[in-house]
Amino acid sequence: MSEASRRWAGTTGWILLVLASMILIGIGLERTLFFVWSPEPAMFEAARTGGLYVDAGCALSLAAAV
């Protein structure tokens, strides 16, 4: 591979990591913020799942930064 193609491959990988992290954080916020405060176990489970999406998005963001 030439230097230019390696640079483009690295840039494309970084862009995909950043976009994936933004999508995961967006999904997590959507699940967490639109939360009706009622004592239903399904709502608590949705909030917990949203938090996991946010955590995964943050991990991808850190991977893109490194």
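Overview of the structure. All values derive from a computational prediction rather than experimental measurement. (Residues numbered from 1 in each chain as written. Predicted model: local features only at pLDDT ≥ 70, side-chain atom pairs only at ≥ 80, totals over all residues. Heavy atoms only, no water.)

Taken as a whole and assessed by the stated rule, the structure comprises 2 salt bridges. Residue Arg6 pairs with Glu3 through a salt bridge whose shortest N-O separation is 3.6 Å. Pair noted here: Arg6 and Glu3 are both in helix 1 (residues 3-33), with a separation of 3 residues, about one helical turn. Assessed through its relative accessible area of 49%, Glu3 is described here as partly exposed. The salt bridge partner of Glu45 is Arg48, with a shortest N-O separation of 2.9 Å. Here Arg48 and Glu45 lie together in helix 2 (residues 41-65), a separation of 3 residues that amounts to about one turn. Taking the relative accessible area as the measure of exposure, Glu45 reaches 38% and is therefore partly exposed. On the basis of relative accessible area, Arg48 is assigned to the partly exposed category, the value being 47%. (Salt bridge = Lys/Arg side-chain N within 4 Å of Asp/Glu carboxyl O. Helix = DSSP H or I, 4+ residues; strand = E, 2+ residues; numbered from the N terminus. Buried < 20%, exposed > 50% of the residue type's maximum accessible area, 1.4 Å probe, protein only.)

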